[in-house]
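Examination of the molecular architecture
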Amino acid sequence: MQVRMPYAQGTVSAELRDVHPLDTLDIAEVPALENIRAAALKSFESPIGMTGNVFSGYGKADQVLILVSDSFRTTRMEQVLPVLLEGLSSKSVPDENINFLFATGTHRPPTKEEQARILGNEVYQRFEP
């Protein structure tokens, strides 16, 4: 699947492999998870609509783009990203092959402080340009 998205003054394009579009997701109130790390790991191991886990098929030569929300939406990705990055590391994907794209839509780009809050300080420090 070829995807092109407006970004800053230009566009970003990517060819996505192993894409399984599902549907629009609606947000509902749910109770807080007792163990976010365990829940994230379980979700990555058995994702909805996929056979196998999220990390199958990745290796040291692969490029990975992780799409995260902007500073106007609180998604708590900072709690999930460490688990995702550990899984990619377990498949030998080097940090220099991993990039993040902030989905700003019509919002302004996040500041460095906002990027650190969205990604979590540890992840931000690890991938800071």
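Here, every reference points to the structure presented above.
Each residue is numbered by its place in its chain's sequence as written, counting from 1. It should be noted that, the model being predicted, local features are given only for residues of pLDDT at least 70 and side-chain atom pairs only at 80 or more, the latter also being counted only at that level, while totals for whole chains, interfaces and linings use all residues. Computation of side-chain values covers all heavy atoms of the structure but excludes hydrogens and water.

Our next topic: the overall build of the chain. Runs of E in the DSSP output that reach at least two residues are strands. Runs of H or I that reach at least four are helices, and both are numbered from the N terminus. From N to C terminus, the chain includes 4 helices and 4 strands. Mapped in sequence order, the helices and strands of the chain form the string β-β-α-β-α-β-α-α. A total of 129 residues make up the chain; the buried ones form 27% of that total. Contact between two residues is taken to exist if any of their heavy atoms lie within 4.5 Å; hydrogens are not considered. Considering only intrachain contacts with a sequence separation of at least 6, the fraction spanning at least 24 residues in the chain is 65%. Accessibility throughout is a Shrake-Rupley quantity obtained with a 1.4 Å probe, and a residue counts as covered only by protein chains that appear here. If you sum the accessible surface of the chain, you get close to 9400 Å²; carbon and sulfur atoms cover 54% of it. Exposure categories follow from relative accessible area, calculated using a 1.4 Å probe and restricted to protein chains: below 20% of the type maximum is buried, above 50% is exposed, and the middle band is partly exposed.

We now examine the nonpolar core. Ile66, Leu88, Ile98 and Phe100 are the most contacted members of the largest nonpolar core, which has 21 residues in total. At the level of secondary structure, the elements contributing two or more residues to this core comprise helix H1 (36-45), strand E3 (64-69), helix H2 (81-90), strand E4 (98-103), helix H3 (112-119) and helix H4 (121-127). Here this core takes 5 residues from H2, the largest share from any one element. With residues near it in sequence (within four places) discarded, Phe100 still touches Leu65, Ile66, Val68, Leu81, Leu85, Leu119, Val123 and Phe127. Residues grouped as a nonpolar core are buried Ala, Val, Leu, Ile, Met, Phe, Trp, Tyr and Cys residues, joined through side-chain atoms within 4.5 Å.

This part is about a nonpolar patch on the surface. Here, patches come from residues exposed beyond 30% relative accessible area and free of salt bridges, joined within 9 Å for like charges and within 5 Å for nonpolar side chains (Val, Leu, Ile, Met, Phe, Trp, Tyr). The rule for a salt bridge is simple: a side-chain nitrogen of Lys or Arg has to be within 4 Å of a carboxyl oxygen of Asp or Glu. There is a patch of nonpolar side chains on the surface, built from Met1, Leu16 and Val19 and spanning about 240 Å² of accessible area. Here Val19 is to be found in the loop between strand E2 (10-15) and H1. Residue class for Val19 comes out partly exposed when judged on its relative accessible area of 32%.

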